[in-house]
Amino acid sequence: MKKLKKKAVFYAYSNNALDHLAPYVFLCNQKNIECAVVYGEDFIRRKVYPNKKIVKIFENNKINIHNIPFFEKKGFIKSIFYYVWLWTEIIEKKSYIPNFFKIKLKGLCERIYNILDGDKLGANTAKKLLKNSEKVLVFTDNCNEKKIKKSFLLQMRNHAKIITTGHAVWQQDGTLNKEMFAEDITLVSNKWEASSKSNKKNIEIIGSLRYSKNWLKILDDYSPDSKIVSNKRKNIVVLMSPVHVTSDWKTMINTLTKIIKCEDTDVKILPHIRDMINMKPPIELKDNWDKKSYLDFSVKNSDIVVFWGSSGIFEAVARNKKIFFLSYLDLNKNNYFWMDQIINNTIIDNDFELLEAIKNFKRDSIENNESFKKIIWPNNDPWLNATNLINKII
């Protein structure tokens, strides 16, 4: 008879969810808890592929990966889907394969995915992961309904402690997604998120573990080149936001075009990871459009980070970079918890102010990002808070 053991299961349906869950995987693994990561909906339908650095961290720490198509091959449709799913990734990595063929294969993968029985896939996955385990912790970003995640969590509900980490940094109040049931433990990033989720039975204010110093150091260790680029030019990273949160798209293009033309600057434009990754860049920005670079590495090697709306700005906060917030492009500018406390030279109200701020920037200036830090580091170090939590619940 097999010995029963403790296990931590992590269900990530997207790369954003994976970004928030991965440091918890690392911490649980350090506590010698068997860990299994389930790649959910976005990965199964090949909308995205897991962050390569996180994949490498999992490999080096011998984390079990549960790719649902690999374990669900019985039956004609599921068998066909498995091979399409498998070959989609293989072909994606071949540079000599024409892009139109890759797109067609991804489309086929999506169409077959849409006719799969998500309820059975989710329930079967949960049953497999519950086997031979005495105590199971399930980490996910939230308990909302997804095609496969729904039945996965419902199957786990009475057999495991379910813990949610949140899907994004809570920097403004928003509409909460409808959830199937209340989780056992709700991990939140700050007091505002705790207040908005006051109906939850067990709330722990952790901070944003994704942006903890320890996790950023681990990611840096897995960068292909962790050495900071140094040159005499001002390295500017622009964190794009999609159309629906940008007040004027034409003004945005005009602004970024002016930045690109500034003397002594190198500009890298990062499209939003979920809403813009497959978007064709505006022709004026195409030479600076970079959808391949990772957020952490790009920000680490920057001098200035420009944004409106993107929560990726907290990468720059954690790394103490100079931040310029383009308030005139952000539809939600009046809703941020940090807005009334950030220093004046961070808020940019027009093109002229931005160009002057870039011109006057000095590398040796000391940045004050304290108003942003209270959003992600509200109560001591998130790494310490999360470690204490895991010690308490295992």
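Just above, that's the structure.
In this report, we go over the structure that sits alongside the text. Not measured: the values here are computed from a predicted model.

Time to look at the overall build of the protein chain. Within the protein chain, the secondary structure is distributed over 16 helices and 12 strands. The globule rule puts the C-alpha radius of gyration for 394 residues at 21 Å, and the 22 Å found for the protein chain is close to it. Projected onto the principal axes, the alpha-carbon positions of the protein chain cover approximately 70 × 50 × 40 Å. In the protein chain, which comprises 394 residues, the proportion classed as buried is 53%. Here the analysis covers contacts within the protein chain between residues at least 6 apart in sequence; of these, 71% occur between residues at least 24 apart.

Turning our attention to the packing of helix α3 (residues 52-60) against helix α10 (residues 213-221). When two helices pack together, their arrangement is given by the angle between their axes and by how far apart the axes lie. The interhelical angle for the contact between α3 and α10, taken along N-to-C directions, is 90°, at an axis separation of 10 Å. With respect to their mutual orientation, α3 and α10 come out roughly perpendicular. Residues Lys53, Ile54 and Ile57 of α3 pack against Trp215, Ile218 and Leu219 of α10. Of the residues belonging to the contact of α3 with α10, the class tally is 5 nonpolar, no polar and 1 charged.

On to the sheet that holds strand β6 (residues 185-188), then. Pairing is parallel across the open sheet formed by 7 strands, whose spatial order is β3-β2-β1-β4-β5-β6-β7. Each end of this open sheet is capped by a strand with a single partner; those strands are β3 (64-67) and β7 (203-205). This sheet shows a mean twist of 20° between the axes of neighbouring strands, independent of strand direction. Pairing between strand β5 (residues 161-164) and β6: 2 bridges, direction parallel. Across the sheet, the residue bridging to threonine 164 is threonine 186, located in β6.

A few words now on a nonpolar patch on the surface. Together, Phe76, Ile77, Ile80 and Ile115 line one region of the surface with nonpolar side chains, adding up to about 420 Å² of accessible area. No other element matches the 3 residues that helix α5 (residues 76-92) contributes to the nonpolar patch. Summarising the element assignment, isoleucine 80 is placed in helix α5. Judged by relative accessible area, isoleucine 80 falls into the partly exposed class, the value being 38%.

In this model helix α7 (residues 118-130) runs 18 Å from its N-terminal to its C-terminal C-alpha over 13 residues, within 8% of the 18 Å that 1.5 Å per residue would give. Listed as buried for α7 are Gly118, Leu121, Gly122, Ala123, Thr125, Ala126, Leu129 and Leu130. Two or three places before aspartate 119, at the opening of α7, aspartate 117 has a side-chain oxygen 3.1 Å from that residue's backbone nitrogen. In the segment just after α7, asparagine 132 is the residue with positive phi, at about 60°.

Here we take up the pattern of salt bridges. Two side chains that carry opposite charge are able to pair once their charged atoms sit near each other. Counting across every chain of the model gives 25 salt bridges. Linking glutamate 110 and arginine 45 is a salt bridge whose minimum nitrogen-to-oxygen distance equals 3.1 Å. Within this pair, whereas glutamate 110 is found in helix α6 (residues 99-115), its partner arginine 45 is found in the loop between α2 (41-44) and α3, the two being separated by 65 residues in sequence. Arginine 45 sits in the partly exposed class, given a relative accessible area of 21%. Through salt bridges that share partners, Asp220, Lys300, Glu315 and Arg319 make up one connected network.

With that settled, consider the sheet that holds strand β8 (residues 234-239). Hydrogen bonding along the main chain pairs the strands of a sheet, whether they run parallel or antiparallel. Across the sheet, 5 strands lie side by side as β9-β8-β10-β11-β12; this open sheet has parallel pairing. What marks the edges here is a single partner per strand, and that holds for β9 (265-270) and β12 (347-348). Sheet strands in contact with helix α11 (residues 249-261) are β8, β9 and β11 (322-326), and its direction is about 145° off that of β9.

In terms of nonpolar packing, the biggest core is built from 95 residues, with Phe10, Phe152, Met156, Phe314 and Trp338 touching the most fellow members. Counting residues per element, this core draws most heavily on helix α1 (residues 15-30), which supplies 9 residues. Once residues within four sequence positions are removed from consideration, phenylalanine 10 is found in contact with Leu21, Tyr24, Val25, Cys28, Cys35, Ala36, Val37, Val38 and Phe139. With 24 residues, the next largest nonpolar core counts Leu256, Ile269, Ile304 and Tyr328 among its residues.

According to the stated counting rule, one finds 20 aromatic pairs in the structure shown. With centroids separated by 6.2 Å and ring planes inclined at 65°, the aromatic side chains of phenylalanine 70 and tyrosine 82 adopt a geometry described as edge-to-face. Here the residue phenylalanine 70 occupies a position in helix α4 (residues 68-71), and tyrosine 82 occupies one in helix α5, the gap between them amounting to 12 residues. The exposure class assigned to phenylalanine 70 is partly exposed, which follows from its relative accessible area of 41%. Seen in terms of ring centroids, phenylalanine 307 and tryptophan 338 are 6.0 Å apart; in terms of plane orientation they differ by 55°. Their pairing is tilted. Of the two residues, phenylalanine 307 is situated in strand β10 (residues 304-307) and tryptophan 338 in the loop between β11 and β12; the sequence distance between them amounts to 31 residues. Across the pair, exposure class does not vary: phenylalanine 307 and tryptophan 338 are buried alike.

The side chains of a regular strand alternate, residue by residue, between the two faces of the sheet. Alignment of strand β4 (residues 133-140) against β5, held across 4 bridges, turns out to be parallel. What sits directly across from threonine 140, in β5, is threonine 164. Between the parallel pair β4 and β5, the chain is carried across by helix α8 (residues 149-156), and the sense of this crossover is right-handed.

Checked against the element boundaries, serine 14 lands in the loop between β1 (5-12) and α1. Its relative accessible area of 2% is what places serine 14 among the buried residues. Through-space distance from the C-alpha of serine 14 to that of aspartate 42 is 5.3 Å; in sequence the pair is 28 residues apart. The residues contacting serine 14, other than those within four sequence positions of it, are Asp42, Phe43 and His167.

Cut-offs and rules
- Residues numbered from 1 in each chain as written.
- Predicted model: local features only at pLDDT ≥ 70, side-chain atom pairs only at ≥ 80, totals over all residues.
- Heavy atoms only, no water.
- Helix = DSSP H or I, 4+ residues; strand = E, 2+ residues; numbered from the N terminus.
- Rg over C-alpha atoms; globule rule 2.2 N^0.38 Å.
- Buried < 20%, exposed > 50% of the residue type's maximum accessible area, 1.4 Å probe, protein only.
- Contact = heavy atoms within 4.5 Å.
- Axes fitted to C-alpha atoms, helices over the stretch in contact; angles between N-to-C directions.
- Parallel < 35°, antiparallel > 145°, perpendicular 65-115°, else oblique.
- Nonpolar A, V, L, I, M, F, W, Y, C, P; charged D, E, K, R; others polar.
- Pairing = 2+ DSSP bridges.
- Patch = residues over 30% accessible without salt bridge, like charges linked within 9 Å, V, L, I, M, F, W, Y side chains within 5 Å.
- Areas by Shrake-Rupley, 256 points an atom, 1.4 Å probe, with all protein chains shown as cover.
- Salt bridge = Lys/Arg side-chain N within 4 Å of Asp/Glu carboxyl O.
- Expected span 1.5 Å × (residues − 1).
- Polar contact = N/O pair within 3.5 Å; in protein donor to acceptor, adjacent residues only side chain to side chain.
- Core = buried A, V, L, I, M, F, W, Y, C linked by side-chain atoms within 4.5 Å.
- Phe/Tyr/Trp six-rings, centres within 6.5 Å; stacked < 30°, edge-to-face > 60°.
- Right-handed = clockwise from strand over helix to strand, strands pointing away.

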